[in-house]
Amino acid sequence: MYERHTLHARKYADEVKRPAKSKQVKYELRTTLVAGFHTKESIEELSKDLNGQPMLYLQKFVDSGRCIDQGLQSISEDVAKEYQNILKKTIKEVHLRGY
């Protein structure tokens, strides 16, 4: 399942980077962390994909009860901080939101 989401994100990565590099368009990059979708390895890949971006927000998943996939779970704050440290190697500012 995660691979499908990763491919979708990569499909648009160049389109996101183009206006971002021009600095003419204000934007916010964010990822909602979901257990089972995100792993240390997938975060390392994300770090490579977003290398050089100025800022990223890592959001805590909150089950609203209206998700297509039932039983999705958030990632603990400790794991989110680990992911934050990985991403800070290539992204200037990485913030946690909702933790």
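Right, let's walk through the structure included here. Note that residues are indexed from 1 along each chain, following the sequence as it is written. For this predicted model, a pLDDT threshold of at least 70 governs which residues receive local features, and a threshold of 80 or more governs which side-chain atom pairs are given and counted, while totals over whole chains, interfaces and linings are taken from all residues. Side-chain numbers come from the whole structure's heavy atoms, not from hydrogens or water.

**Here we look at the overall build of the protein**
Line of reasoning, step 1. Check the secondary structure of the protein and you find 3 helices and 3 strands.
Line of reasoning, step 2. Secondary structure elements of the protein, listed N to C terminal, follow the sequence α-β-α-β-α-β.
Line of reasoning, step 3. Residue contacts are defined here by distance: any two heavy atoms, one from each residue, within 4.5 Å place the two residues in contact. Considering only contacts within the protein whose residues lie at least 6 apart along the sequence, 77% involve residues at least 24 apart.
Line of reasoning, step 4. Within the structure as shown, the protein displays about 7,000 Å² of accessible surface, and the carbon and sulfur contribution to it stands at 49%. Runs of E in the DSSP output that reach at least two residues are strands. Runs of H or I that reach at least four are helices, and both are numbered from the N terminus. Accessible surface area values rest on a Shrake-Rupley calculation with a 1.4 Å probe, where residue burial reflects the displayed protein chains alone.

**Some details on the pattern of salt bridges**
Line of reasoning, step 1. For this document, the term salt bridge refers to a Lys or Arg side-chain nitrogen within 4 Å of an Asp or Glu carboxyl oxygen. By the definition in use, this model includes 4 salt bridges.
Line of reasoning, step 2. Arg-30 is paired through a salt bridge with Glu-28; the nearest N and O atoms lie 2.9 Å apart.
Line of reasoning, step 3. Linked through salt bridges whose partners overlap, the residues forming this network are Glu-28, Arg-30 and Arg-97.

**A few points about the nonpolar core**
Line of reasoning, step 1. One finds Leu-33, Ile-43, Leu-56, Leu-58, Tyr-83 and Leu-87 to be the most contacted residues of the largest nonpolar core, which totals 14 residues.
Line of reasoning, step 2. Elements that contribute at least two residues to this core include exactly α2 (40–49), β2 (55–60) and α3 (77–87).
Line of reasoning, step 3. Of all the elements, α3 adds the most residues to this core, at 4 residues.
Line of reasoning, step 4. Leave out the neighbours within four places in its chain, and Tyr-83 touches Leu-33, His-38, Thr-39, Lys-40, Ile-43, Leu-58 and Ile-75. Joining through side-chain atoms within 4.5 Å is the link that ties buried Ala, Val, Leu, Ile, Met, Phe, Trp, Tyr and Cys residues into a set, and such a set is a nonpolar core. Note on exposure labels: buried denotes an accessible area under 20% of the residue type's maximum, exposed denotes more than 50%, and partly exposed covers the range between, all computed with a 1.4 Å probe on protein chains only.

**Regarding the side chain of Thr-31**
Line of reasoning, step 1. Mapped onto the elements, Thr-31 comes out in strand β1 (residues 30–33).
Line of reasoning, step 2. Residue classification places Thr-31 among the buried residues on the basis of a relative accessible area of 14%.
Line of reasoning, step 3. For Thr-31, the contacting residues outside a window of four places in its chain are His-38, Leu-46, Leu-56, Tyr-57, Leu-58 and Gln-59.

**What to know about α2**
Line of reasoning, step 1. Buried within α2 we find Ser-42, Ile-43, Leu-46 and Ser-47. Each buried residue of α2 sits inside an arc of 150 degrees when the element is viewed along its axis, so together they form one side. In α2, the exposed residues that point more than 90 degrees away from the buried face are Glu-41 and Lys-48. Think of the arc as the fan of directions from the helix axis to the C-beta atoms.

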